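An overview of the molecular structure
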Amino acid sequence: MTQQDIRSQVTDIARAARAASSSLRTASTAQKNALLQEISSQLRASVADIVAANAKDVARGRNNGMNEGLIDRLVLDEARICGIADAVDKVVFLPDPVGEVVRGNNLANGMRLRQVRVPMGVIGMIYEARPNVTVDAATLAVKAGSAVILRGGSAALESNEVLVDIMRRAAKATGFPENIIQSIDFCGREGAVELMKLRGLIDVVIPRGGAGLIQTVVRESLVPVIETGVGNCHVYIDKENNPQQALDIVVNSKTHRCSVCNAAESLLVHRDIASSQLPGILHALSDAGVTLHVDEETAGLVPELDTVPATQKDWEREYLSMDMAVKIVGSLDEAIEHISRYSTGHTESICSTNVATINEFTARVDSAVVMVNASTRFTDGGEFGLGAEIGISTQKLHARGPMALEEMTTTMWIAEGNGHVR
């Protein structure tokens, strides 16, 4: 296809989404939930088809040298597909945010004023190698009353085609126009570029993926963007802490699932307890298969371990793999300065038993989520009780942290008068 052909097709898709979105804007909660239940049912009934399509994507990814962290994100087996369907079921039981009164009052002149949640309209979702996001994004958008246009990337092309087809069939079966859920994967990267230009047809674009993808969308989109974040997450172990608790938190933060954005990438340890606690933590990480990128002082504590000298790039990296950067710091101030310099504003965790230290850390660290004596892996819409999420927002406008249903809506003001004129 020529660029003009792609522009024409993406524009037509956006117009179709805009037209279809009116059916969702006025749909009842029961109608939207019926669609979600049908999606869940069809996902479970189509496991074999999804697995077969996904196998083609995985094989192509391995042939193209995709790293195992991304392969892990890409793989769909029966358990993961059922997990995706379970997540859809959970969205069914979440309160519908549309129509919720955020605030309101009676004005002195007798007018009644209220601010209510309403659908965005049409949401463009651009993401990489994450077929589960295809379903998460579509179902959250539907429950929040918006049509969605998906661009899932070439790595998951076969998987996404099947998943989108399933959801479109579910829409038709429950009385909605199929075009409330559409994909532009067949238009390639050029399609995503054209989508980002459609201000007026697309209400918001949400990128989810690596730093390169996110920054490209933020930089080039003419449509408003909600920036979901790269996760260079830190764990800081204070000089006053529960040693066993700190060890468990670090190991879980790094190894529970290393390929996701809320996995810890850097460990900072106060010098006063480094010699007593850090060797045991590093041995536990190493035994779990973690490659340790350490500063010179840390390396001196564990000469028996095969470590890698840390470079400037290690402090900046979101590994998404079984790698971790480790640094000894002399104070809380030094830890916070390091986090301020290198963090992507996603999630940081402090292990401490000192209330004053904890309060200072939470007050000064400027990230979407700060954990206190807890793993970074809890930064998740489901873990926060919000249901499925579309991503973790690291920006400060509209939404910050896990983006669940409420964050997928906007608001409007309704002012009721009785012949009032000004």
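The model shown is predicted, which means the values in this text are computed figures rather than measured ones.

Each value, and the rule that gives it
Residues numbered from 1 in each chain as written. Predicted model: local features only at pLDDT ≥ 70, side-chain atom pairs only at ≥ 80, totals over all residues. Heavy atoms only, no water. Pairing = 2+ DSSP bridges. Helix = DSSP H or I, 4+ residues; strand = E, 2+ residues; numbered from the N terminus. Expected span 1.5 Å × (residues − 1). Bend = angle between axes of the 7 residues up to and from the residue. Contact = heavy atoms within 4.5 Å. Axes fitted to C-alpha atoms, helices over the stretch in contact; angles between N-to-C directions. Parallel < 35°, antiparallel > 145°, perpendicular 65-115°, else oblique. Left-handed = near helix turned anticlockwise from the far one by under 90°. Nonpolar A, V, L, I, M, F, W, Y, C, P; charged D, E, K, R; others polar. Buried < 20%, exposed > 50% of the residue type's maximum accessible area, 1.4 Å probe, protein only. Polar contact = N/O pair within 3.5 Å; in protein donor to acceptor, adjacent residues only side chain to side chain.

We now examine the sheet that holds strand β10 (residues 308-309). Overall, parallel pairing links the 7 strands, which are arranged β10-β9-β11-β8-β7-β12-β13 in an open sheet. Both outer strands of the open sheet, β10 and β13 (369-372), are each paired with one neighbouring strand and no more. As paired strands, strand β9 (residues 291-294) and β10 are joined by 2 bridges and run parallel to one another. Residue pairing for β10: V294 is matched across the bridge by P309.

Attention shifts here to helix α11 (residues 271-287). The end-to-end C-alpha distance of α11 is 23 Å, a good match for the 24 Å that 17 residues give at a rise of 1.5 Å each. At Q277, α11 shows its largest kink, close to 55°, and the proline P279 lies no more than four residues downstream. Summarising the contacts, the buried residues of α11 are in contact with β7 (233-237), α10 (243-255), β8 (264-270), β9, α12 (296-301) and β11 (323-329). The positive-phi residue at the C-terminal boundary of α11 is G289, with phi of around 100°.

A few words on the packing of helix α5 (residues 78-92) against helix α6 (residues 131-143). Closest axis-to-axis distance for the α5/α6 pair is 10 Å, and the angle between their directions is 10°. Regarding the angle of α5 to α6, the classification is roughly parallel. Crossing geometry of α5 relative to α6 is assigned as right-handed. Facing I84, A87, V88, V91 and V92 of α5, the residues of α6 in contact are N132, V135, D136, T139, L140 and K143. Residue composition of the contact of α5 with α6, grouped by class: 7 nonpolar, 2 polar and 2 charged.

Turning to the environment of N179, a few remarks are in order. Mapping N179 onto the fold places it in the loop between α7 (157-173) and β5 (181-183). A relative accessible area of 25% places N179 in the partly exposed class. For the pair N179 and G417, spaced 238 residues apart in sequence, the C-alpha separation works out to 37 Å. Among all residues touching N179, those that are not within four sequence positions of it are A16, A17, A20, A147 and R168. Reaching out from N179, the side chain makes a polar contact with the side chain of R168 at a distance of 3.2 Å.

Function cannot be read off these values alone, since they describe shape.
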